[in-house]
Amino acid sequence: MRPLALVALGLAALTLWGLQVVRSGWCNDEAAHIPAGLYHLETGRMDAYRVNPPLPRMIAAIPLLLDRPEIDWHYSESRYVRNEYQFAHQWVRDNHEHLRRYLLWTRGTMAGFFLLGLWVVSKWSSQLYGGCAGWVAAMLWTFNPDIIANSAVVAPDLPATASGLLAGYVFWSWLIQRERPFPWAVAAAVAFAVLCKFSWLFLLVGLPLLTLVHDAFFKRESAGERLRWLGSAPIARRVAVAAFDSLRLLLSFSLTVLLINWCYGFDGSGTRLGHFEFISESLSGRDIVSGQTANRFAGGWFAWVPVPLPAEMVYGLDYLKWEFEQGMPCYLRGKWQHGGWWYFHLYAMAVKMPIGYWLLITAGLGSLALDWLRRGKRFSLEWLPLLIAIVFVALVSFQTGFTHHVRYVLPAYGFLFIVASRVAVVLPGRFAIGLAAICLSGTLWFHATHLGLAHTFFNPLAGGPDNGWRHLSHSNVDWGQSTYRMVDWVKKHPEQRPMTVLFRSSLGNPEALLKDEPDVFTSVGWHYPPGIRNPVPRQPGWYLISGFPVTLQSNRFFWDKTPAQQPDPDSLLYRVESTLDTPHSQD
């Protein structure tokens, strides 16, 4: 791609990103990530938000060192307490006056990850399929609603997406060239990815295994020459070369482990396995409802083995396992249940990804499969992006303890965009770019008519943005982005009284933003009329509800009601007349 063209595309992307940043309120997890990052920088402790690596939030918190918010560090030693949410509530509650500035500064650091992902996806596609393919991939990255929405929030998902792409690209380049004795660049890129999201830990096993399989089944003459002493048997040489290069990669991962420990300040590095206090059933050996810590390895053969990872990282992985084991309430298409669905993320991608994107991905995948058949079903490194995407989505889908967010599979998006860019091989360059532009037309129209609302996108097959809450909940519809816009709506419409406002959550005391507004409430009083199974609001009036709480069972009253208005797709306005006279469902 031409540098100036890529810069122009980047500027367009930053415009959409900037609008998303300024129009979004604080998001639930974001409000915990930011003070946790500041906590790491100021105290050197890593016991806050241990379920995610610290690097993205530490980078995001750097601007706050110049203008420190009001916050006191208080924490619990209990393994079951999430200290970061104590920080979050205090940080938001005590800094409402300056919060928008803090959000702008910290979110600004995420733009670097966005631009990194843009560069990698265009670079990799260009090297695979030519400059026009780079254009196609860059456009898909730039205008994807989920990419934009998650790049405007301080959270690990977009950093994991960009860093995972970088790790894949560096590994692919090494597999082709093999110029250096040890692939230290691959090791550093993998460390970067793991420090953004634990989901990339599988690369430590997956990449050496892929190297072994690739080299064992596909002869590399230049490498085989180095092992001439094995004789003329080609199979023996290929297996030896495969084992040799896999071993080189494994040895280079010593740098990966070193960088991970360095980021954690070597806190608890090398602690013996038998000395940890686990809470998950898998590692503690006890039932998860016991509420106690234990260690199934204590007193066993492996108790003395030093763990080459920081202690807080180990505890974070243990807590994640505990959460998946106990499960959480999950929502899909109007149904709540305890625990999730294995197909949730596939469904979420199906309704959250623009239709034009799926058409391009299908076309790219089809051309890749046809080329594979024409070449006698021979594997090539061209399949690497698709393989990484499939493995990542499969590993995430395997964890069904809770299925809440499509952002958990966001790191697969960039690899799918590279697959989609293969249309530039099938079609002449300008036609490929034209096809991509046509497939993107609906997405561009959405951005033009929903400025700063990228997180609300649902494709037409799901009924569009206004009906997203009927399919998904949690951050898929509103993660807290609606808070400031809902406050502005209430203040601009004093005629709509009494007004009840249900924000995304009570974290940070958002009701304080409406404390001076008369006849405005932030909770619903329910009652059960005779013969009615589901509760109804006790008070007639106006109800402005965020996209998340409207999906809750407690607010089921509104599910079959038509909103009087939708100020935005992530907020719904209902008019409730006399609740005693309103007919309700008897189910």
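The coordinates are above.
Enquirer: What is the right way to look at the layout of surface pockets in this model?
Expert: Where empty space is left can be seen by rolling a probe of water-molecule size over the atoms. Looking at the largest pocket, its volume works out to about 1500 Å³. In this structure, the largest pocket is lined by 48 residues; those nearest its centre are Val51, Phe198, Leu320, Lys321 and Phe324. Secondary structure elements with two or more residues in the lining of the largest pocket: α2 (28-43), α15 (311-326) and α18 (384-398). Residue contributions to the lining of the largest pocket peak at 7 residues, all from α15. In the lining of the largest pocket, the residues fall into 31 nonpolar, 9 polar and 8 charged. In this structure, the second largest pocket spans a volume of roughly 280 Å³. Around the second largest pocket sit 14 residues that line it, and Leu346, Met349, Ile390, Val393 and Leu416 are the ones nearest its centre.

Enquirer: How do you make sense of the pattern of salt bridges when you look at a structure like this?
Expert: In a structure, side chains of opposite charge can pair up when their charged atoms sit close to one another. Summed over all chains, the structure comprises 21 salt bridges. Across the salt bridge formed by aspartate 318 and arginine 79, the nearest N and O atoms sit 3.2 Å from each other. Taken together, the residues span a long stretch of sequence, with aspartate 318 in helix α15 and arginine 79 in the loop between α3 (55-61) and α4 (83-93) at a distance of 239 residues. The pair aspartate 318 / arginine 79 is uniform in exposure class, with both members buried. Of the charged contacts in the structure, one is a salt bridge between aspartate 146 and lysine 352, with a shortest N-O distance of 4.0 Å. With a gap of 206 residues between them, aspartate 146 in helix α8 (residues 145-151) and lysine 352 in helix α16 (residues 344-352) connect regions that are remote in the sequence. For the pair aspartate 146 and lysine 352, a shared accessibility class is recorded, and that class is buried. One salt-bridge network, held together by shared partners, links Asp29, Asp157, Lys197 and Arg407.

Enquirer: Looking at this structure, how should I read the sheet that holds strand β3 (residues 499-502)?
Expert: One open sheet holds the 5 strands; their spatial order is β4-β3-β7-β9-β8, and the pairing between them is mixed. Looking at the sheet topology across the chains shown, the edges are occupied by β4 (520-521) and β8 (565-568). Note: β3 against β4, 2 bridges, orientation parallel. The residue bridging threonine 500 from the neighbouring strand is phenylalanine 521, located in β4.

Enquirer: Looking at this structure, I do not really get the state of the cysteines. What am I missing?
Expert: What is meant by a disulfide is a covalent connection between two cysteines, made through their sulfur atoms. This structure, assessed with the given rule, holds 0 disulfides. Note on cysteine 27: no disulfide assigned, nearest cysteine sulfur contributed by cysteine 196 at a separation of 19 Å. With a relative accessible area of 0%, cysteine 27 lands in the buried category. The thiol of cysteine 263 is not disulfide-bonded; the next cysteine sulfur, from cysteine 196, is found 8.9 Å away.

About the cut-offs
Residues numbered from 1 in each chain as written. Predicted model: local features only at pLDDT ≥ 70, side-chain atom pairs only at ≥ 80, totals over all residues. Heavy atoms only, no water. 1 Å grid on protein atoms, 1.4 Å probe; cavity = no way out; pocket = protein on both sides within 12 Å on 5 of 7 lines; lining within 4 Å. Points joined across faces, edges and corners; volume = space filled by probe spheres on them. Helix = DSSP H or I, 4+ residues; strand = E, 2+ residues; numbered from the N terminus. Nonpolar A, V, L, I, M, F, W, Y, C, P; charged D, E, K, R; others polar. Salt bridge = Lys/Arg side-chain N within 4 Å of Asp/Glu carboxyl O. Buried < 20%, exposed > 50% of the residue type's maximum accessible area, 1.4 Å probe, protein only. Pairing = 2+ DSSP bridges. Disulfide = S-S within 2.5 Å.

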